[in-house]
Every structure is written in structure tokens, then in C-alpha cells.
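Observations on the three-dimensional arrangement
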Amino acid sequence: MQTAAHRLAAGLVLAILGGNAAARAPLPTVAMLVPPEASVVAAVSPELPELARAQEQLEAGDFEEAVKTLQAGLSQPDTTDEQLVELYRLLGLAQLYLGNEEKARDAFEKLLQARPDFELPKTEPPKIRGLYARIKEDIRKRRVRPVTISLRQIGDSPADAPIEVAARIDDLALGAKAKLYYRRAGAQAYSSVDFVRHKASKEEYRSVVPAYELTSEGRAYEMEYYVEVADAAQRRLAGRGDPFNPLRFQVLAPQSGGGQKPMPQGGGWYENPWVWVGVGAVAAGATAGIVVIATSKPTGTLPIRITIREAP
Amino acid sequence: MRRRRGFVALALSGTFAAILCCDSPRGDPSLSFELFLSGAIADRVSSFQVALLSAGTALDCTAKQCLKDEVDPKRLVPLQDASGQQHTALLFPASLPDGGVQEVKAFGVPVGKDYTLVVEALSKSNPPALLGGSCTMKLEVKEGLNTSVLANPIDIRADGGVIDCDPRL
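Each chain has its residues counted from 1, following the order in which its sequence is written. Labels are handed out in written order, letters beginning with A for the chains and numbers beginning with 1 for the ligands. In keeping with the predicted nature of the model, local features appear solely for residues at pLDDT of at least 70, side-chain atom pairs appear and are counted solely at 80 or more, and the whole-chain, interface and lining totals rest on all residues. In computing side-chain values, all of the structure's heavy atoms are included and hydrogens and water are not.

**Structural notes on the overall build of chain B**
- Secondary structure elements are taken from DSSP: a helix is a run of H or I of four residues or more, a strand is a run of E of two residues or more, and numbering for both begins at the N terminus. Secondary structure assignment for chain B yields 3 helices and 10 strands.
- Going from N to C terminus, chain B has its helices and strands arranged as α-α-β-α-β-β-β-β-β-β-β-β-β.
- Exposure categories follow from relative accessible area, calculated using a 1.4 Å probe and restricted to protein chains: below 20% of the type maximum is buried, above 50% is exposed, and the middle band is partly exposed. By residue count, 41% of the 169 residues in chain B fall in the buried class.
- Any pair of residues with heavy atoms lying within 4.5 Å of one another is described as a contacting pair. Considering only intrachain contacts with a sequence separation of at least 6, the fraction spanning at least 24 residues in chain B is 68%.
- Using a 1.4 Å probe, the Shrake-Rupley method yields the accessible areas, and only the shown protein chains count as cover for residues. Only carbon and sulfur atoms are counted for the fraction: they give 56% of the accessible area of chain B, which is about 9,200 Å².

What follows is the structure, encoded as C-alpha cells:
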């Protein structure tokens, strides 16, 4: 009964938002509000069940439930930027359909914090695109600036030494925090360290990956990391990399004393596990190399001539 | 009469050749009129930041603000420096040897069309501020060494004014 009532409400709201065409065929128009980009999001990152459920609820006209589902999705700790954008976009739409323009505005503002250059697809109804444009303009006028982060990426680093990571974070919202997440490549979980504000500058921050996390192992290995600024509710506001698309650096092997492990006495070379580790590594490397060569995109070198002049 | 006309033509071509010769050591006539520049303006530039936006990325080139405040850095095309290191944008110390034109190179640019090149001039202050920037649109990058692109000129205010943002990406 409730769903039927909401379907009717959806039809009425669509009649207001979308004009006569929407009134003639309300449900297909609701479906149009969930563009095909959503399925692309699901394809490139691990699925967020809340997104799919919220889309179904929106299509069914169950806007209140969709809001609850989307808020549950936003409270998930490991959402990617793309998922955040989609969650806030759908939340904004759901709130609009419930008549909560202020809440819709809040959702779209959050969307713009996560992706300042985000534009709604042209398939959205003109009324919604118009509201979105007004919100963007308001943000510009009120100088509500999105959080931005500039990070000097970590280069290959020696083992057994801490790594200091410097970042510049502008317009960090009150209550928001920046963290560096890192893990050994292939490990399940990330460890994290906070970014601490530099005493001399309000925008300069630093964090340190402790030396004990970068122990020497006799050979180089890879670390994965990402930086995230999140608000008090742990919603991502900005970042570099994410849990599923982390940045990487190598922890280098020690230069001296790099001798090979002694062969076990009395056995053939094939009994030495290090031989097979080496063979496996070479095979994996060759396979990876072939894949990289086969899939790498052609690149070019671009010479650029720069000129300056006095402003008129 | 024909002899006189020939003399005038010879004199004109000689003068033209002299201008090309002396103003542009590279022998590139298209540059000769763009080299003039006030030294005072050039002295205020510490470095140039070069970034490339992929096709379809919305950018308001008239906005007087830092690129990083306008576009998510994730939308920038990764570029390599001369050592092969990949960056979101390349930073080149300013050096205007020809009195106004500096040639830099971006490596490892993915082949494509409709790129937008954004060059920003950074001040010598700490942190640096934005002196000015320019957009050059509809660029195509082909495989291998491309022909040199003349970026649109960067307008810098003579009164010492800057745009109050740190452009570093």
C-alpha cells in the first residue's frame, strides 16, 4: 500500500518536474534517473549492495527507504570516490522527490566536495539540472571550497628507515581528518597513521610510516598506500588513491651483503626452494611483461613552448 | 625600371632575412614577434607547471583560479618527466633564454585527441602563488616525438598582483 502510494507520489512529482511527458509515463522516467553509469561503477569497483538496492527502491518510488539505504551506504568505511559520487547523487535525487530541497542541496554539496567538477548526465530532467547548477553557483558565491589535497608521491625507499610523507591540504573542514593508509602489497588490511599539521603552516601536513613496517628482507618488495581526508562521520571528502586503487612504492633491498643463500648440502639444485622461487618469479615477471606490452597504450613526447606577456 | 624593382625586392628580402637572423636564432619566423617581454615580469616567475586534461573534462579557462581548485587531479593525464617518473603535472624552473620563450617536454603522454594543455606560472614567494595561466585546447598527441606546441601566452599583471592560491598539484 505504501509502495503504491509512493508510486503515485512519484508520478505526481514527475508530473511537476518533468512536465506532461513524465506524467504520461512516470515509471520509465524514474528509471531514466538512474543512468547507465551506475552499472559501470559496479563493474570497476567492488560492489556496494546499498547502491543497487537504492536504485531499485528509487525505481519503485520508495524514496524514504532509498534515503535510508543510501545513508547506510555512506556509512560504509571503504567506499571509492565513484561510489561516493553515486551515493550522493542518488541521495540528492531521492530527497528532491520527497520534497526536501534543503537536504537535496546538502547531498549535492557533498557530491561536489568529493568531485568538484562533477556534472549531472544530460539525461537528468532539466529541473534537476537547473537546481544542481544553482547549487554549484551558490557554493562558488559562498566560497565553500572543496577540500583539496596535494601529495608528493612516495618514491622507492630504503628498508628499516621511516618514511615521512608531506601533503598540502587546503580547506580542511572542521572535524575532518587526513590519514595515510598503507599495507604490504597483497596483504588484507591497511594500517594507518594520521597526518599532523605543520606548526609553521596551516596547510602543510606530514605523516610518518614507521621503520618497523618497512623491514629489510634481502630483496625489494612493494607497498601500497592511499591518503584519505574524511569527515567526522568517516565520509571521504578527498584523497589520493583508494583501498581498491592504491598508490605504490618499492622498499629497496639492502645494497651490501646481498649474497645468495647457501645451497643446502647433499641435495641437488632442484631441491633448493630458492631456485623454484626464482623460477616462479621469472615466469611471473615474463608473463606480466608480456601482458604489459600487449596492453600498454602508445605514448608520445610533447614539446611545449611557453610564453608570457604583460596583462593588458 | 625592371632593374630598380629588382633592387627594391633584393633590399627588402635582405632586411627581412636580417630580422629573422637576429631576432630568432632558431630561424623560426613565427616566434620572432612573440619574444619581446618585459624583464621585470619574467623575473617574477619561479617555475611553470604543465598539466594536461583529457577530452571531455570541463574547464573554465576564464576562471582566475588555480587549476587544482577547479579540476579533480584525478582527471589529469599522467605525464612523465625526463627521468621517466610519472607525475600529475610537471614543474619546470623558469628559464626564458630567448627573452620570452621556454621550451619544455612532457614524456609518456598517452596518444589521444582533444587534450587541453594548462600552463601555470608560479611566483617566487613561499608558498608560491599563481601569477597567471593559459589554456591551449584541441591538442592531439601522436606516438613518438610530436611537433612543438606553442602554448597560448600567459598574461601576468605588471602591477605585481597575484592570484591567491598555491597552484602546486
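**A short note on the overall build of chain A**
- Per the secondary structure count, chain A includes 9 helices and 11 strands.
- Pairs at least 24 apart in sequence give 61% of the contacts found in chain A among residues at least 6 apart.
- Here chain A displays about 17,000 Å² of accessible surface, and carbon together with sulfur accounts for 55% of that area.

**A few points about helix H4 (residues 49-59) of chain A**
Residues and elements named next belong to chain A.
- Looking only at H4, the buried set comprises Glu-50, Leu-51, Ala-54, Gln-55, Gln-57 and Leu-58. Along the axis of H4, the buried residues cluster in a sector spanning 165°; they form a single face.
- Following H4 by one or two positions, Gly-61 adopts a phi angle in the positive range, close to 80°. What the arc describes is the spread of directions from the helix axis to the C-beta atoms.

**A few points about the packing of aromatic side chains**
Residues and elements named next belong to chain A.
- A pair of aromatic rings is counted whenever rings of Phe, Tyr or Trp (Trp by its six-membered ring) have centres within 6.5 Å, and the orientation is called stacked for planes under 30 degrees apart, edge-to-face for over 60 and tilted otherwise. Using the criterion set out here, one finds 4 aromatic pairs over all chains in the structure.
- Note on Tyr-190 and Tyr-226: the rings are 4.9 Å apart at their centroids and 85° apart in plane angle, and the pair reads as edge-to-face. With Tyr-190 in the loop between strand E4 (177-184) and strand E5 (191-194) and Tyr-226 in strand E8 (residues 221-230), the pair connects residues that are 36 residues apart, well separated along the chain. By the burial criterion, Tyr-190 is buried, and Tyr-226 matches it.
- Members of the aromatic cluster, joined through ring pairs, are Tyr-181, Tyr-190 and Tyr-226.
- Placement of a charge over a ring requires the Lys NZ or Arg CZ to be within 6 Å of the ring centre, with the centre-to-atom vector within 35 degrees of the ring normal. Sitting over the face of the ring of Tyr-221, Arg-184 holds its NZ or CZ atom 3.8 Å from the ring centroid.

**Describing the state of the cysteines**
Residues and elements named next belong to chain B.
- Disulfides are defined as pairs of cysteine sulfur atoms found within 2.5 Å of each other. Scanning the model with the defined rule gives 2 disulfides over all chains in all.
- With a sulfur-sulfur separation of 2.2 Å, Cys-61 is cross-linked through a disulfide to Cys-135. Given an S-S torsion of about -100°, the disulfide between Cys-61 and Cys-135 has left-handed geometry. Of this pair, Cys-61 sits in the loop between strand E1 (45-53) and helix H3 (67-70) while Cys-135 sits in strand E7 (residues 130-141), and the two are 74 residues apart along the sequence.
- Taking relative accessible area as the criterion, Cys-61 reaches 31% and is therefore assigned partly exposed.
- On the basis of relative accessibility, which here comes to 16%, the residue Cys-135 falls in the buried class.

**Points about the interface of chain B and chain A**
- Taken together, the contact pairs 58 residues of chain B with 30 residues of chain A.
- Interface area, chain B with chain A, both sides summed: about 4,000 Å², of which 53% is carbon and sulfur.
- Summed over both partners, the accessible area lost on bringing two parts together, with a 1.4 Å probe, is the buried area. When the buried surface of chain B facing chain A is broken down by residue, B:Asp72, B:Lys74 and B:Asp155 rank first, second and third, together holding 12% of it.
- Should a side-chain nitrogen of Lys or Arg be within 4 Å of a carboxyl oxygen of Asp or Glu, the pair is scored as a salt bridge. Counting across the chain B and chain A interface gives 3 salt bridges.
- Where B:Asp155 meets A:Arg309, a salt bridge forms, and the shortest distance between an N and an O atom there is 2.5 Å.
- A 3.5 Å cut-off defines polar contacts: any pair of N or O atoms within that distance qualifies, except that in protein one atom must be a possible hydrogen donor and the other a possible acceptor, and neighbouring residues in sequence count only when both atoms are side-chain atoms. Counting across the chain B and chain A interface gives 20 residue pairs in polar contact (both at pLDDT 80 or more).
- Counting residues per element, the ones that place at least two in the side of chain B that touches chain A are helix H2 (39-43), E1, H3, strand E5 (101-110), strand E6 (112-123), strand E8 (144-145), strand E9 (149-150) and strand E10 (154-156) of chain B.

**Topic: the packing of H4(A) against helix H5 (residues 63-74) of chain A**
Residue and element names in this part refer to chain A.
- Axis geometry follows a simple rule: fit a line to the C-alpha atoms, using only the stretch in contact for helices, then measure angles between N-to-C directions, giving values from 0 to 180 degrees. At their nearest, the axes of H4 and H5 sit 8 Å apart, and the two run at 170° to each other. Classified by the interaxial angle, the pair formed by H4 and H5 is roughly antiparallel. When you trace H4 past H5, the crossing you get is left-handed. Of the residues in H5, those in contact with Glu-50, Arg-53, Ala-54, Gln-57 and Leu-58 of H4 are Phe-63, Glu-65, Ala-66, Thr-69, Leu-70, Ala-72 and Gly-73. Reported orientations rely on four angle classes, namely roughly parallel under 35 degrees, roughly antiparallel over 145, roughly perpendicular from 65 to 115, and oblique for the rest. Take the far helix as your reference; a near helix turned counterclockwise from it by less than a right angle gives a left-handed crossing, and one turned clockwise gives a right-handed crossing.

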